[in-house]
Amino acid sequence: NDPDSDDDRLTDGDEVNVYGTDPMSDDTDEGGEKDGDEIDRSRDPNDPADDDADDDGLTTAEEAAANTDPNDPDSDDDGLTDGDEVHVHGTDPNDEDTDGGGASDFNEVVGGYDPNDDADDEEQVDTDEDGLTDAVEAILGTRPDVADTDGDGLDDGDEVNVHKTDPTLKDSDGDGLEDGDEVLIHDTDPNHVDSDRGGEEDGDEVAAGRDPNDASDDVPPDTDADTDDTGGTDTGGTDTADTDRDDTDPADDTDGDSVIADPRWFCATGGPGSGGGSALVLGLALLAARRRPQRR
């Protein structure tokens, strides 16, 4: 009864009929990257040569050659991906300060300096000692005199280099939890609204006393047209725009539950399509007309 037996985000049917992958293995080519991720990234799930599990620009084989972590896009946490360090900047992806001059590779690259020349490191000042030079802070829009610009409990440098969060926003993913709380208290992903991918946002889980790292206890948003939250789909009486009052026009099913009804046009003695409700409405209309004062 499980449409995705190996939990690689590809249905068993698609694996067999579309991609030719093994529905019982989440990594058919055993290259280190899940089949679903390879499809998402336009790679071949049947070819291990192109696998790049962390999507940092280095294949699994290249990561092994560089002695980097194949599951961490920035092995040395300097703010530059392993792929960029190897293929673009010529820096050491395992050393945050390749030239050993005191300024990190990230600071040098973003600030316009040479990360492979220690002679220019001394002129790079970091007033608040948050791990970002003043020049870089000016570019990023953070305060060079305050280590934690957004006041979320994480220094600007850690946000940029380690957690990949926005140092100018308290809540980078907008899930209702500040970045600092996600990292330091809840151990959730500050860059994803639903860390456990269970269907409920982290902030909602924490507020309700549930575990944001356990998908099994998630209560996803109500999408079944149960507008009154009674536990099932509506049985009529919640459509709010039955403009033609005929209870047959699909356009009147404003809540999407396939029941076209409105309590204003029927009662318990008659339902949609029955004569009782229509007769009652007609009778009430005639009674109101008789009681209306006549104009003279």
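Residues numbered from 1 in each chain as written. Predicted model: local features only at pLDDT ≥ 70, side-chain atom pairs only at ≥ 80, totals over all residues. Heavy atoms only, no water.

If you had to explain the overall build of the protein to someone new, which residues and values would you point to?
When you go through the protein residue by residue, the secondary structure sums to 10 helices and zero strands. The order of α-helices and β-strands along the protein, N terminus first, is α-α-α-α-α-α-α-α-α-α. By the burial criterion, 33% of the 296 residues in the protein qualify as buried. Expressed as a percentage of contacts within the protein between residues at least 6 apart in sequence, the contacts between residues at least 24 apart total 23%. Only carbon and sulfur atoms are counted for the fraction: they give 48% of the accessible area of the protein, which is about 16200 Å². (Helix = DSSP H or I, 4+ residues; strand = E, 2+ residues; numbered from the N terminus. Buried < 20%, exposed > 50% of the residue type's maximum accessible area, 1.4 Å probe, protein only. Contact = heavy atoms within 4.5 Å. Areas by Shrake-Rupley, 256 points an atom, 1.4 Å probe, with all protein chains shown as cover.)

So what's going on with the pattern of salt bridges? Which residues, and what values?
A full pass over the atoms with the stated rule returns nine salt bridges. Among the ionic pairs, K164 bridges to D74, the shortest N-O distance being 2.7 Å. Of this pair, K164 sits in the loop between α7 (156-163) and α8 (179-186) while D74 is found in the loop between α3 (60-66) and α4 (82-89), placing the two residues 90 residues apart along the sequence. A salt bridge links R143 to D145; its shortest N-O distance comes to 3.0 Å. Owing to a relative accessible area of 43%, R143 belongs among the partly exposed residues under this scheme. According to the relative accessible area criterion, D145 is partly exposed, its value standing at 48%. A single salt-bridge network, built from bridges that share partners, covers E33, R41, R43 and D55. (Salt bridge = Lys/Arg side-chain N within 4 Å of Asp/Glu carboxyl O.)

Report on a negative patch on the surface, specifying residues and quantitative values.
Among the surface-exposed residues, D114, D117, D118, E122 and E123 lie close enough to one another that they form a single negatively charged patch. Note that E123 resides in the loop between α5 (105-111) and α6 (134-140). Residue classification places E123 among the exposed residues on the basis of a relative accessible area of 52%. (Patch = residues over 30% accessible without salt bridge, like charges linked within 9 Å, V, L, I, M, F, W, Y side chains within 5 Å. Lys, Arg positive; Asp, Glu negative; His and termini not counted. Charge placed at Lys NZ, Arg CZ, Asp CG, Glu CD.)

How would you sum up the environment of D12? Please name residues and give values.
For D12, the position within the fold is in helix α1 (residues 12-19). Relative accessible area serves as the criterion here: at 18%, D12 is assigned to the buried category. Expressed as a C-alpha distance, the spacing of D12 and D22, which sit 10 residues apart in the sequence, is 8.3 Å.

Account for the environment of D77, with residues named and values stated.
Within the secondary structure, D77 is located in the loop between α3 and α4. Through-space distance from the C-alpha of D77 to that of K164 is 9.5 Å; in sequence the pair is 87 residues apart. Setting aside its immediate chain neighbours within four residues, D77 contacts D72, E96, N161 and V162.

Before we move on, could you go through unusual backbone geometry and cite the residues and values that matter?
Residues other than glycine seldom take positive phi values, yet N67 does so here, at roughly 60 degrees. By the secondary structure assignment, N67 is in the loop between α3 and α4. Although it is not a glycine, D187 sits at a positive phi angle of roughly 55 degrees. For D187, the position within the fold is in the loop between α8 and α9 (202-207).

Before we move on, could you go through the side chain of D121 and cite the residues and values that matter?
Mapped onto the fold, D121 is located in the loop between α5 and α6. For the buried D121, no salt bridge is present, and the opposite-charge side chain at shortest range is K164, 18 Å distant. Among residues more than four places away in sequence, those in contact with D121 are D97, D99, G101, G102, A103 and E108.

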